[in-house]
Amino acid sequence: MSARPARTVTPGGPDELADVVRRAAEDGLRVKAVGTGHSFTAAAATDGVLVRPDRLTGILALDRAAGRVTVAAGTPLRLLNAALARAGLSLTNMGDITAQTAAGAISTGTHGTGRASASIAAQVTALQLVTADGSTLRCSAQENADVFACARIGLGALGVLTSVTFAVEPLFLLTAREEPMPLDRVLAEFDELVAGNEHFEFYWFPHTDNCNTKRNNRSEGPAAPPGLLRGWLDDELLSNGAFKVACSVGRAAPMAIPAIARVSSRALSARTYTDVPYKVFTSPRRVRFVEMEYALPRAAAPAALREVKRMVDASPLRVSFPVEVRTAPADDIALSTASGRDSAYIAVHLYRGTPHQAYFGAVEKIMVAHGGRPHWGKIHSRDAEYLSGAYPRFGEFTALRDRLDPDRVFANDYLRRVLGE
């Protein structure tokens, strides 16, 4: 996807950004802030004023005693994670990639997996945004609490974030256990695997009965990261280099995909390692893909995945990418995919350039039948009519939007589809 904004700006702080928003409104132009372009939707597209985050970066305040760090909204997560580790601190949980900005990650609901620890947005304790009239609004559970309840996952509809404050804790160690496991066993023991580990996720390889599981739990240490050779072999050669070759072959010759999947699903052997959180939670992702992800009530995940497997097995589809399953506890954010319910996430991918409509459409029907909520930054076809029924607090969000942005300064086609006019 692409956009051709009327002008592009790189403000250096909240005051400059406020002036940008005021001038855009005077000129009758819409305003959208972009992050690193990681979303698969057109959430940040505009033909008006595009705000780039290049100069809105860096740690603004660090309060060890309170366990808080405030960062400029455009700060990339990869830089935040490394800076926190150097300071002996860490986020409690994070996703598996670090390409996004702080604002982009929370605005679209980026999450990892956790039994009791939730998305990145759920770790936000305060934020600041510039609203449609060019004023600056500070929000927390104590200040403008109604805005805070919505703006942590605001889709860019309520204003442009300038800073985000996260809860942090002293740096800790995680031990990761990666282990192949049959799909039937994973699904039969799903509840026990989730309850028995702080962080559990797995990947199922379509056209096979094979999964690769990952369990992350806190450790007293000592640190024992993967050896250089083993780390390169698993994370670069097999998970990226060889996998990219396999995907390329599969795209050129789809009938070979089931055989490739049987080999790929057995390529990674069990391993255990211990390191600081961001080195365990995150992984390099160098193979380009398109993705759709739905959040379901946690109890529905095994049945839904079995339906996906039956659908793939009975269809002519050839799926080269594994299906990823993660979990999150319920949270209190209005448009969080885990809002009000313990959730499981089922994410499907295809190699970039592979037609995805038939596969994603078939999976989406299954997800919708289970009350699924689509990830805001990933491909889906849902609209405001569906989403207003999927989110009990949808009306709360849209009413706040009407108050903060009555003239739709921050609107675009994507927001009109998912939130309505």
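## Looking at the sheet that holds strand 5 (residues 68-72)
Phase 1 of the analysis: Strand order in the open sheet made by the five strands is 4-5-9-7-8, with antiparallel pairing throughout. In this open sheet, the two strands that pair with only one neighbour each are strand 4 (59-63) and strand 8 (136-140). With strand direction ignored, the average angle separating the axes of adjacent strands in the sheet is 10°.
Phase 2 of the analysis: Contacting strand 7 (124-130) and strand 9 (160-167), helix 1 (residues 14-26) crosses the sheet at an angle of about 50° to strand 7.

## With respect to the environment of F40
Phase 1 of the analysis: Within the fold, F40 resides in the loop between strand 2 (31-33) and strand 3 (49-51).
Phase 2 of the analysis: F40 gets classed as buried once you look at its relative accessible area, which sits at 17%.
Phase 3 of the analysis: With 336 residues separating them in the primary sequence, F40 and W376 have C-alpha atoms 9.0 Å apart.

## With respect to unusual backbone geometry
Phase 1 of the analysis: Looking along the chain, the bond that leaves G221 and enters P222 is cis, with omega of 5°.
Phase 2 of the analysis: On the secondary structure map, P222 appears in the loop between strand 13 (210-219) and helix 7 (228-252).
Phase 3 of the analysis: Unlike most non-glycine residues, H207 shows phi in positive territory, near 75°.
Phase 4 of the analysis: Looking at where H207 falls in the secondary structure, it is placed in the loop between strand 12 (199-204) and strand 13.
Phase 5 of the analysis: Given a relative accessible area of 15%, H207 falls into the buried group.

## Here's the deal with the packing of helix 10 (residues 301-314) against helix 11 (residues 357-369)
Phase 1 of the analysis: One way to put it is that helix 10 packs onto helix 11 with a least axis distance of 10 Å and a crossing angle of 145°. You can see that helix 10 and helix 11 cross each other, and the crossing is right-handed. Contacts from A304, E307, V308, M311 and V312 of helix 10 reach helix 11 at Y359, A362, V363, I366 and M367.
Phase 2 of the analysis: Residue composition of the contact of helix 10 with helix 11, by class: nine nonpolar, no polar and one charged.

## What to know about the side chain of E178
Phase 1 of the analysis: Tracing the chain through its elements places E178 in strand 11 (residues 173-182).
Phase 2 of the analysis: Assessed through its relative accessible area of 12%, E178 is described here as buried.
Phase 3 of the analysis: Here the side chain of E178 touches R271 through a polar contact of 2.8 Å, side chain to side chain.
Phase 4 of the analysis: Of the polar contacts made by the side chain of E178, one reaches the side chain of Y273; its length is 2.8 Å.

## Details of the pattern of salt bridges
Phase 1 of the analysis: Throughout the structure, instances matching the rule amount to 22 salt bridges.
Phase 2 of the analysis: Between D146 and R403 there is a salt bridge, with its nearest N and O atoms 2.7 Å apart. One end of the pair, D146, is in helix 4 (residues 145-151); the other, R403, is in helix 13 (residues 394-404), with 257 residues separating them in the sequence.
Phase 3 of the analysis: The closest approach of N and O atoms between R215 and E179, which form a salt bridge, is 2.3 Å. Pair noted here: R215 is in strand 13 and E179 is in strand 11, with a separation of 36 residues, a long-range link.

## Some details on helix 8 (residues 257-264)
What sets the pattern is the α-helix's 3.6 residues per turn: residues three or four places apart point alike.
Phase 1 of the analysis: When helix 8 is considered as a whole, its buried residues turn out to be I257, P258 and A261. Buried residues of helix 8, seen end-on, are gathered within an arc of 100° and therefore sit on one face of the element.

## Here's the deal with the packing of aromatic side chains
Phase 1 of the analysis: For the coordinates displayed, the defined rule picks out four aromatic pairs.
Phase 2 of the analysis: Seen from their ring centres, F190 and F202 are 6.4 Å apart, and the 75° between their planes marks the pair as edge-to-face. Of the two residues, F190 sits in helix 6 (residues 190-195) while F202 sits in strand 12, which places them 12 residues apart along the sequence. Accessibility assignment for this pair places F190 and F202 in one class, buried.
Phase 3 of the analysis: Judged by centre distance (6.0 Å) and plane angle (35°), the rings of F200 and F202 are tilted.
Phase 4 of the analysis: The exposure class assigned to F200 is buried, which follows from its relative accessible area of 2%.
Phase 5 of the analysis: Members of the aromatic cluster, connected to one another through ring pairs, are F190, F200 and F202.

The rules we used
- Residues numbered from 1 in each chain as written.
- Predicted model: local features only at pLDDT ≥ 70, side-chain atom pairs only at ≥ 80, totals over all residues.
- Heavy atoms only, no water.
- Pairing = 2+ DSSP bridges.
- Helix = DSSP H or I, 4+ residues; strand = E, 2+ residues; numbered from the N terminus.
- Axes fitted to C-alpha atoms, helices over the stretch in contact; angles between N-to-C directions.
- Contact = heavy atoms within 4.5 Å.
- Buried < 20%, exposed > 50% of the residue type's maximum accessible area, 1.4 Å probe, protein only.
- Left-handed = near helix turned anticlockwise from the far one by under 90°.
- Nonpolar A, V, L, I, M, F, W, Y, C, P; charged D, E, K, R; others polar.
- Polar contact = N/O pair within 3.5 Å; in protein donor to acceptor, adjacent residues only side chain to side chain.
- Salt bridge = Lys/Arg side-chain N within 4 Å of Asp/Glu carboxyl O.
- Arc of directions from axis to C-beta.
- Phe/Tyr/Trp six-rings, centres within 6.5 Å; stacked < 30°, edge-to-face > 60°.

Keep in mind these numbers describe shape, not what the thing actually does.
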